[in-house]
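Here is what each chain is made of, one letter per residue.
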Amino acid sequence: MDAAIDARTETHDESLLDWFLGLDPERRLAELESRLAFFNSVQRDDGAELSPDT
């Protein structure tokens, strides 16, 4: 089990996590909502694009 946990922790981008966790809570929520809107539009095939203000 420990090997599986170690493998998972080596596959993420820590700089992205550090950036995200460095945001204030309001901005963090806005980022999550933006990503959710993007993924939902992809599922609907609406010609999805990420907001330029993310």
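Residues numbered from 1 in each chain as written. Predicted model: local features only at pLDDT ≥ 70, side-chain atom pairs only at ≥ 80, totals over all residues. Heavy atoms only, no water.

**Structural notes on the overall build of the chain**
Assigned secondary structure in the chain consists of 3 helices and 0 strands. Traced from its N-terminal end to its C-terminal end, the chain shows the element sequence α-α-α. In the chain, which comprises 54 residues, the proportion classed as buried is 7%. When the accessible surface of the chain is split by element, carbon and sulfur atoms take 55% of a total near 4800 Å². (Helix = DSSP H or I, 4+ residues; strand = E, 2+ residues; numbered from the N terminus. Buried < 20%, exposed > 50% of the residue type's maximum accessible area, 1.4 Å probe, protein only. Areas by Shrake-Rupley, 256 points an atom, 1.4 Å probe, with all protein chains shown as cover.)

**Considerations on helix α3 (residues 25-44)**
The end-to-end C-alpha distance of α3, which contains 20 residues, comes to 29 Å, matching closely the 28 Å that a straight helix rising 1.5 Å per residue would cover. What α3 keeps buried is the set Glu31, Ser34 and Ser41. Along the axis of α3, the buried positions cluster into a sector of 95°, meaning they face one direction only. Of the exposed residues in α3, the ones pointing more than 90 degrees away from its buried face are Pro25, Leu36, Phe39, Gln43 and Arg44. (Expected span 1.5 Å × (residues − 1). Arc of directions from axis to C-beta.)

**Quick word on the pattern of salt bridges**
In this structure the tally under the stated criterion is 2 salt bridges. Its salt-bridge partner being glutamate 31, residue arginine 27 comes within 3.0 Å of it at the nearest N-O pair. Remark: glutamate 31 and arginine 27 occur in helix α3; sequence separation between them is 4 residues, near one turn of the helix. Taking relative accessible area as the criterion, glutamate 31 reaches 3% and is therefore assigned buried. Residue arginine 35 pairs with glutamate 31 through a salt bridge whose shortest N-O separation is 3.5 Å. Of this pair, arginine 35 and glutamate 31 are both found in helix α3, 4 residues apart, which corresponds to roughly one turn of the helix. Each of Arg27, Glu31 and Arg35 takes part in a single network of salt bridges with overlapping partners. (Salt bridge = Lys/Arg side-chain N within 4 Å of Asp/Glu carboxyl O.)

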